[in-house]
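Topology and contacts: notes
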Amino acid sequence: MSIYLSGAVRDQLQAAQYQLDRHTPSIRDGCCVRCGEDGPCAQRRAALRVFGRYGRLPRRWPGASRPELVRTPVAWYGWLTHVVPDERLND
């Protein structure tokens, strides 16, 4: 089964994709990287509604949420030292 989209619908989807590409929430704090609004901003929500209206999925871009801005620990040392001892072993 094929679904044919008119030129006007394709233009709307293209414009919505452009807005999604510009208004991506940062993985660091969840704020929009373009307008700084917390959570998904109004422009992003409107663009997602366009895709939902036509049953299409937007393109995804690896790295769009800027994961390099998140500070990660240099080493994972210490995560095993916080193990709670089992009381039954002391009997």
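Everything in this summary refers to the structure shown in the same document.

Parameters at a glance
- Each chain carries its own residue numbering, running from 1 in the direction its sequence is written.
- With the structure being a predicted model, the display of local features is reserved for residues of pLDDT at least 70 and the display and counting of side-chain atom pairs for 80 or more, all residues being used for whole-chain, interface and lining totals.
- Think of the side-chain values as coming from all heavy atoms in the structure, minus any hydrogens and water.
- The helix and strand labels rest on DSSP assignments: H or I over at least four residues marks a helix, E over at least two residues marks a strand, and numbering proceeds from the N terminus.
- Helices are assigned an expected span. That span is 1.5 Å times one less than the residue count.
- Only protein chains enter the accessibility calculation, which uses a 1.4 Å probe. A residue is then buried if its area is under 20% of the maximum for its type, exposed if over 50%, and partly exposed in between.
- Starting at the helix axis, one direction is taken to each C-beta atom, and the arc is that of these directions.
- We call two residues in contact whenever any of their non-hydrogen atoms come within 4.5 Å of each other.
- Salt bridges are defined as contacts in which a side-chain nitrogen from Lys or Arg sits within 4 Å of a carboxyl oxygen from Asp or Glu.

All right, on to helix 1 (residues 7–22) then. For helix 1, spanning 16 residues, the distance from its first C-alpha to its last is 23 Å, which sits close to the expected 22 Å at 1.5 Å a residue. Inspection of helix 1 places Val9, Leu13, Ala16, Gln17 and Leu20 among the buried residues, and these make up the whole buried set. Seen along its axis, helix 1 keeps its buried residues to an arc of 105°; they face one direction. Of the surrounding secondary structure, the elements contacted by the buried residues of helix 1 are helix 2 (42–53).

What follows is about the pattern of salt bridges. Going through the model one piece at a time under the given rule, you end up with one salt bridge. In this structure, the salt-bridge partner of Asp21 is Arg59, at a minimum N-O distance of 3.8 Å. Of this pair, Asp21 sits in helix 1 while Arg59 sits in the segment after helix 2, placing them 38 residues apart in sequence. Residue class for Asp21 comes out partly exposed when judged on its relative accessible area of 33%. Exposure remark for Arg59: the relative accessible area of 49% places this residue in the partly exposed category.

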